[in-house]
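# Fold and contact review
Listed below, chain by chain, are the residues.
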Amino acid sequence: MALKATIVKASLNVADMDRHYYADHMLTVAQHPSENDERLMVRLLAFALNASESLQFTKGLSTDDEPDVWEKNLTDEIELWIELGQPDESRIRKACNRAKQVVVYAYGARAVPVWWEKLKSKVSRFDNLRVIELPGEETQALAALAQKAMTLQCTIQDGQVGIGDEQSHVTIEPITLYPQ
């Protein structure tokens, strides 16, 4: 019997002073059985960092044709394609060809520098790509915030992200790998 996704409800308050975006988002997220809490929370972080009224989660792990998060315009064109983890070059190329802007949030502690070293020369031709590393200790601390029902506040200022609930707070400093 196949395992079903866990439904996670998140109330996310975003105060992004870098983009002057301030809003509350009531999110329902399906956590795939193979998705750990770190990946779930990185998805929520990616949402917060790019929050808009039209940004939405996709089917994610259950389909190869969609990113983890995307934003489409009214004509169904993909404005923003967000990938998580360490996607291969062909997946990044596909995303860059389909979307106006692509952001990869790479996480996975020590594996990210090895992945990026192999990949950076292959993707340097894409003008619509950004690659951002999320430090491992910080994403693991973020995973500790995961619950089936969450109320999170996220403040973004000067490139630094603070995210937390009533009991805990995590500060994340994303590192831009590309473009430099």
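Every chain's residues receive numbers from 1 upward, in the order its sequence appears when written. The model is predicted, so local features are restricted to residues of pLDDT at least 70 and side-chain atom pairs to those at 80 or more, both for listing and for counting; the totals for chains, interfaces and linings are taken over all residues. Hydrogens and water molecules were not included; the side-chain quantities draw on all heavy atoms of the structure.

### Re the layout of surface pockets
Which parts of space are left empty comes out when a probe the size of a water molecule is rolled across the atoms. As a reminder of what qualifies: Using a 1 Å grid laid over the protein atoms alone, points where a 1.4 Å probe fits but cannot get out form a cavity; open sets with protein on both sides within 12 Å along at least 5 of 7 lines form a pocket; any residue with an atom within 4 Å of a point counts as lining. Grid points are joined across faces, edges and corners, and a volume is the space filled by probe spheres set on the points. Helix and strand assignments follow DSSP, with helices taken as H or I runs no shorter than four residues and strands as E runs no shorter than two, numbered in order from the N terminus. Note on residue categories: nonpolar means Ala, Val, Leu, Ile, Met, Phe, Trp, Tyr, Cys or Pro, charged means Asp, Glu, Lys or Arg, and polar means any other residue, Gly included.
Considered as a void within the structure, the largest pocket measures approximately 280 Å³ in volume. If you list the elements that add at least two residues to the lining of the largest pocket, you get strand E7 (129-133) and strand E11 (175-178). When its residues are assigned to classes, the lining of the largest pocket shows 8 nonpolar, 4 polar and 5 charged.

### Remarks on the pattern of salt bridges
Formally: The salt bridge criterion pairs a side-chain nitrogen of Lys or Arg with a carboxyl oxygen of Asp or Glu, the two atoms within 4 Å.
Scanning the entire structure with this criterion turns up 10 salt bridges. Via salt bridges that share partners, Glu35, Arg39, Arg43 and Asp68 belong to a single interconnected network.

### Some thoughts on the side chain of Gln31
Going by this rule: Polar contacts, as counted here, are pairs of nitrogen or oxygen atoms within 3.5 Å of one another; within protein the pair requires one atom able to donate a hydrogen and one able to accept it, and residues that are adjacent in sequence qualify only if both atoms are side-chain atoms. A contact between two residues is defined here by any heavy atoms of the two lying within 4.5 Å.
With respect to the helices and strands, Gln31 occurs in strand E2 (residues 21-31). Polar contacts involving the side chain of Gln31 include one to the main-chain carbonyl oxygen of Glu35, which spans 3.0 Å. Ignoring anything within four residues of it in the chain, the contact list for Gln31 reads Ala5, Thr6, Val8, Asn36, Asp37, Leu40 and Arg43.

### A look at the sheet that holds strand E8 (residues 149-157)
Rule in force here: By this definition, two strands are paired if DSSP reports at least two bridges between them. Axes, fitted as lines to C-alpha atoms, cover a helix only where it is in contact. Angles between the N-to-C directions of the axes lie from 0 to 180 degrees.
Taken together, the 5 strands give an open sheet; going across it, the order is E2-E1-E8-E9-E10, and neighbouring strands pair in mixed fashion. In the strand order of this sheet, the two ends are held by E2 and strand E10 (169-172), each with one partner. Neighbour-to-neighbour, the strand axes of this sheet turn through a mean angle of 20°, independent of strand direction. When strand E1 (residues 6-16) meets E2, the two strands line up antiparallel, connected through 11 bridges. Bridge assignment links Leu12 to a residue of E2, and that residue is His25. Running over the sheet, helix H1 (residues 37-49) touches E1, E2, E8, strand E9 (160-164) and E10 and is turned about 150° from E2. Its contacts with the sheet place helix H4 (residues 136-143) against E9 and E10, and it is angled at close to 155° to E10.

These results come straight from atomic positions and should not be treated as a statement about function.
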